[in-house]
Amino acid sequence: MAAWVERYRPQRLKDVAGNPGAVEALTSWIEGWKDGVPEKRAVLLYGPAGTGKTSVAHAMAKDLGYDSIELNASDTRTKGVIDKIVGAASSLATLDPAKGRKVLILDEVDGIHGKWDHGGLAALKGWVKESHHPMVLIANDPWKLPKEFRALTLMIDFKRIDQRTVVRVLKEICSKEGIETDEKALKVLASIANGDLRSGINALPAMEGGKKRLDLKDLDLLTLRDTELKIFDTIGRIFKTENCDRAREAVRDSGEDPETVLKWVVENLPLEYEDPKDLAEAFRWASRADIYLGRIMRRQDWGLMSYAIDAMSAGVALAKGRRYRRFVRYQYP
């Protein structure tokens, strides 16, 4: 069964919640393509996670009847891949003449960096200058991108979604799911989400727990599940990526102490890595992280912590020879 955030993803621009100014700016830009190729061939949608940037891009393409081609953060994005996928898509006509144009959507372009994505950003910069089709680039932190790259795009800022809008969307979803709601509980949940609509929607099933009514006491369950959801996301990001920086960021964004993250990594490695060679190499890096943590505790040398984090994140992530795309139900240590 699809996750609620996917089930209720807006299919049209009119269904998008929040950021009306940003949606209007994006619509104005795409309208300019009807008169030819505009000065800015790409837009850069930026802002916090869960504010609808990717959803808006896909909804816009559906509204216009355009094909959409997406390259997201889980895909390798080296120069060769960018040239092959983005280059072909941006220079060739769509297979369906009735659709006219394609929309190229590249998520988390601020994450195209490091050894694994070598040359990817430079290649993308070249295609942004030459694309014959609209390009929608998405970033959480656009300031990680070079100034000259940003200057090639029309930058559109997505703000955190206001609490009233989050409450309205959550109430609509609960109504469609046949769940009675306490307005106060939804307001507290919206406050916890802090403008991240995706986080609020993902939390609903955790609150609901099979019940048909949500009220304030269900927030206790949410508090217990919040840490669980974060750590599941952290180890999933480490196991699924093939990029050093993204793996490190997963640990730093988790809010968990590295010792806890390492326990989860060690417990779930045999479930994720199927190839014995990959598993052995990953455990070698995990054991190295454990050694660093042990030395930190014995010597109180906290300068070693960065090495421990690198080993349990980037070391484990790059230990695999290929990405495992199947779904894995992670377990508690």
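Residues numbered from 1 in each chain as written. Predicted model: local features only at pLDDT ≥ 70, side-chain atom pairs only at ≥ 80, totals over all residues. Heavy atoms only, no water.

A. Highlighting the overall build of the chain. A count of helical and extended segments in the chain gives 14 helices and seven strands. Expressed as a percentage of the 333 residues in the chain, the buried residues total 46%. Contacts in the chain between residues at least 24 apart in sequence constitute 76% of all its contacts with a sequence separation of at least 6. Accessible surface computed for the chain: about 16700 Å², of which carbon and sulfur atoms make up 53%. (Helix = DSSP H or I, 4+ residues; strand = E, 2+ residues; numbered from the N terminus. Buried < 20%, exposed > 50% of the residue type's maximum accessible area, 1.4 Å probe, protein only. Contact = heavy atoms within 4.5 Å. Areas by Shrake-Rupley, 256 points an atom, 1.4 Å probe, with all protein chains shown as cover.)

B. Geometry of the environment of V109. Here V109 is to be found in the loop between β3 (102-106) and α5 (120-130). Judged by relative accessible area, which is 0%, V109 ranks as buried. Placed 65 residues apart in sequence, V109 and L44 show a C-alpha to C-alpha distance of 9.1 Å.

C. Structural context of the packing of helix α11 (residues 244-254) against helix α14 (residues 305-317). At their nearest, the axes of α11 and α14 sit 8 Å apart, and the two run at 135 degrees to each other. Put simply, α11 runs oblique to α14. Considering the relative orientation of α11 and α14, their crossing is right-handed. Contacts between α11 and α14 involve C244, A247, R248, V251 and R252 from the first element and I309, D310, S313, A314 and A317 from the second. A class-by-class count of the residues in the contact of α11 with α14 yields six nonpolar, one polar and three charged. (Axes fitted to C-alpha atoms, helices over the stretch in contact; angles between N-to-C directions. Parallel < 35°, antiparallel > 145°, perpendicular 65-115°, else oblique. Left-handed = near helix turned anticlockwise from the far one by under 90°. Nonpolar A, V, L, I, M, F, W, Y, C, P; charged D, E, K, R; others polar.)

D. Focus on the sheet that holds strand β2 (residues 67-71). With parallel pairing, five strands are arranged side by side in an open sheet as β2-β3-β4-β1-β5. Each end of this open sheet is capped by a strand with a single partner; those strands are β2 and β5 (153-157). Looking at each pair of strands side by side, their axes are set apart by 20 degrees on average, direction ignored. Pairing geometry for β3 and strand β4 (residues 135-139), over three bridges, is parallel. In the strand pairing of β4, I105 is matched with V136. (Pairing = 2+ DSSP bridges.)

E. Local environment of the pattern of salt bridges. Across all of its chains, the model carries 16 salt bridges by this definition. For D157, the salt bridge is made with K159, and the minimal N-O distance between the two is 2.6 Å. Accessibility expressed as a relative area gives 52% for K159, which makes it exposed. Linked through salt bridges whose partners overlap, the residues forming this network are D245, R248 and D310. (Salt bridge = Lys/Arg side-chain N within 4 Å of Asp/Glu carboxyl O.)

F. Geometry of the nonpolar core. In this structure, I238, F239, V265, Y273 and V316 are the most contacted members of the largest nonpolar core, which totals 29 residues. With 22 residues, the next largest nonpolar core counts W29, A59, I105 and I156 among its residues. (Core = buried A, V, L, I, M, F, W, Y, C linked by side-chain atoms within 4.5 Å.)

G. Fine view of unusual backbone geometry. Of note in this structure, E108 is not a glycine but carries a positive phi near 50 degrees. Note that E108 resides in the loop between β3 and α5. Relative accessible area serves as the criterion here: at 34%, E108 is assigned to the partly exposed category.

H. Structural view of the packing of aromatic side chains. Under the defined criterion, the tally for this structure stands at seven aromatic pairs. Among the aromatic residues, those joined into a cluster by ring pairs are F239, Y273, Y324 and Y330. Lying over the aromatic face of W285, R284 brings its terminal NZ or CZ to 5.2 Å of the ring centre. The ring of W285 has R288 sitting right over it, with the charged end atom 4.7 Å from the ring centre. (Phe/Tyr/Trp six-rings, centres within 6.5 Å; stacked < 30°, edge-to-face > 60°. Lys NZ or Arg CZ within 6 Å of the ring centre and 35° of its normal.)

Note that every value here comes from positions in space, so none of it alone points to a role or purpose.
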